[in-house]
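Each chain, written out:
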Amino acid sequence: MTTASPQRAALRAVRRPGDRIFSGTALGAGVVILLLLAAVAIFLITESLPAFTADPDEIGMLRGATFLEYVAPLVFGTLWAALLALIIAAPLAVGIALFISHFAPRRLAAVIGYVVDLLAALPSVVYGLWGATTFAPILQPFYVWLNENLGWIPLFEGPVSATGRTIATAALVLAVMILPIMTAICREVFLQAPRLHEEAALALGATRWEMIRMAVLPFARGGMVSAAMLALGRALGETMAVTMVLSASGVITFDLISSTNPTTIPANIALSFPEAYGEGVNVLIATGLILFIVTFAVNAIARYIVNRRAAFSGAN
Amino acid sequence: MSKRIQVNDLNVFYSQFKAVEGVNMVIEPRSVTAFIGPSGCGKSTFLRTLNRMHEVIPGARVEGEVLVDGNDLYGPGVDPVLVRRQVGMVFQRPNPFPTMSIRDNVLAGVKLNNRRQSKSEQDDLVEKSLRGANLWNEVKDRLNLPGSGLSGGQQQRLCIARAIAVSPDVLLMDEPCSALDPISTLAIEDLIEELKTEYTIVIVTHNMQQASRVSEKTAFFNIAGTGQPGKLIEYADTAKIFSNPDVQATEDYVSGRFG
């Protein structure tokens, strides 16, 4: 017994300085992100409270409506624009990424990769200007055509906007803006698909496309959802481009091409802030809080969907 | 379903580099043929040319002929996809699709052929293939669980089940046991013994005992030095290769004097 205890003490793990520094910085980085998030949440909540507690009639910005009535069309517009952008951008991004990772000759793939990454470097004001002054007039005749031929679908009901600055234009501009990040992430995930499984599919007599469907896409499922979520986050929060492109009137409508369009929370904040005073500012911050919650909920739902089939993810 | 393979003057290139030179060989149906030789001698490369899987590597190309029952795999207008449906392959590391269940793994190749099958036909095929791979009793209660949850040896047998589910003419095995323990290896070797009654089997192995246990004929490949092409040195009955080969290099290799 006398010799046992010093031996046991000697066997205890030595804490090396390198390990300690590394675990300290890693922990620090983790704590910082939580603190930042907490600080944002606290700011949003405390600044929003007056908007909820004050009498709606005294806040000029609400124009007599309750806060919920004020924010509902904005939430709708935000989700609607982001969803449209995602529906347009997702197939395109997956297609471009697949072309770069599995179809294009290596040199062409590098060039396309550069071009797509370059799209991400453009400031959103440029997209906004381009969308409002160039893209919208180009699209306008097309909207007229849609209305004439497919007007029986509620989406194209009209009356057609004379300027082309509709929610459809805004969604298209947003789609171009979220394309680079989705493409870049999808490309990386597709390149990670194990060669072993690609060869297994080919050896079974799969064509290139069948191989991609059997071995690449299922493996990349989680990564593709992550890419879509990051892109959706950007689309939900995008301010300048939507503000400049959209001629907004704050209604709830699914009509894509009319002159009365729903607007988004960030665009509404940017447009209304210069004339906001007193509790009006709190109302705008409260809409920001709602956006925060919406984004959080969308992400949580996406994570839940991915994790449901975790056993089949290929990570094990 | 088993077919005869004839290889005439086959050269394999990776871009400018000649990896395998001048192979002539006849592989009889319903037999097991083993390829042995040191690492990098081109035996895996050559194996892959038998179902055009080398084309996955950019720049790889072939000169010469590979005839399966008289049809040239490299003839004009031959679709590599169809070649691979006739000539199945099992790889060095077990590679069941991790995103599919055991059942779907077995059916993966059949679904590619776009054959419409009823559920009961599929069930029968899954059972037949898994029984054929000696795996049925171990997995019959968990066919809907992911294939990646099996042990290494079971995964490799699942891959064999997947390969034989499409009823190929030829089964190529690229070191199928090198990632497995001795017990699983034995299970695979027993399986090869059973499969050769129906298929032409070609196996690459680094394990010379394995080659002498499972094969009727053995091909010894060697390489003169780095940067030189691999060549077929000797191809004969397994008993002859391991007892009194014609070429000195073969004897040195099988007796462990080099390589």
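None of these values were measured; they are calculated from a predicted model.

A. Representation of the pattern of salt bridges. Under the criterion given, the structure shown has 19 salt bridges over all chains. Lys3 of chain B is the salt-bridge partner of Asp169 of chain B, the closest N and O atoms lying 3.6 Å from each other. Residue Asp169 of chain B is located in the loop between helix H6 (152-165) and strand S7 (170-174), and its partner Lys3 of chain B is located in the segment before strand S1 (5-14); the two are separated by 166 residues in the primary sequence. Salt bridges sharing common partners tie together Asp117, Arg187 and Glu188 of chain A.

B. Quick peek at helix H7 (residues 182-195) of chain B. Residues and elements named next belong to chain B. Over its 14 residues, H7 runs 20 Å from end to end, which matches the ideal 20 Å to within 8%, given 1.5 Å per residue. Buried within H7 we find Ser184, Thr185, Ala187, Ile188, Glu189, Leu191, Ile192 and Leu195. Tucked inside the fold, the buried residues of H7 contact strand S3 (32-36), helix H4 (119-132), H6, S7, strand S8 (200-204) and helix H8 (208-214). Its side-chain oxygen at 3.1 Å from the backbone nitrogen of Ile183, Asp181 defines the N-terminal cap of H7.

C. Molecular detail of the packing of aromatic side chains. Under the definition given, this model contains 10 aromatic pairs over all chains. With a centroid separation of 5.1 Å and 90° between ring planes, the pair formed by Phe76 of chain A and Phe254 of chain A is classed as edge-to-face. Of this pair, Phe76 of chain A sits in helix H3 (residues 67-103) while Phe254 of chain A sits in the loop between helix H9 (240-245) and helix H10 (265-272), placing them 178 residues apart in sequence. Its relative accessible area of 47% is what places Phe254 of chain A among the partly exposed residues. Looking at Arg162 of chain B, its charged tip hangs above the ring of Phe97 of chain B, at a distance of 4.7 Å from the centre.

D. The arrangement of the UniProt feature "transmembrane region" (unreviewed entry) in chain A in detail. All names here are of chain A. The positions that UniProt labels "transmembrane region" (unreviewed entry) are, in the present scheme, residues 21-45, 79-101, 108-130, 167-190 and 283-306. In the segment residues 21-45, helix accounts for 100% and strand for 0%; the C-alpha atoms at its two ends are 36 Å apart. From the first C-alpha to the last, residues 283-306 spans 35 Å; its make-up is 100% helix and 0% strand.

E. Structural detail: unusual backbone geometry. Residues and elements named next belong to chain B. The backbone of Asp69 shows a phi angle near 50°, a positive value even though the residue is not glycine. Looking at where Asp69 falls in the secondary structure, it is placed in the loop between strand S4 (60-68) and strand S5 (71-72). Under the relative-accessibility criterion, Asp69 is labelled partly exposed at 43%. Backbone geometry at Glu175 places phi at a positive 45°, although glycine is not the residue there. The exposure class of Glu175 is buried, given its relative accessible area of 10%.

Cut-offs used in this document
- Residues numbered from 1 in each chain as written.
- Chains lettered and ligands numbered in written order.
- Predicted model: local features only at pLDDT ≥ 70, side-chain atom pairs only at ≥ 80, totals over all residues.
- Heavy atoms only, no water.
- Salt bridge = Lys/Arg side-chain N within 4 Å of Asp/Glu carboxyl O.
- Helix = DSSP H or I, 4+ residues; strand = E, 2+ residues; numbered from the N terminus.
- Expected span 1.5 Å × (residues − 1).
- Buried < 20%, exposed > 50% of the residue type's maximum accessible area, 1.4 Å probe, protein only.
- Contact = heavy atoms within 4.5 Å.
- Polar contact = N/O pair within 3.5 Å; in protein donor to acceptor, adjacent residues only side chain to side chain.
- Phe/Tyr/Trp six-rings, centres within 6.5 Å; stacked < 30°, edge-to-face > 60°.
- Lys NZ or Arg CZ within 6 Å of the ring centre and 35° of its normal.
- UniProt positions renumbered as here; feature names shortened; annotations may be inferred.

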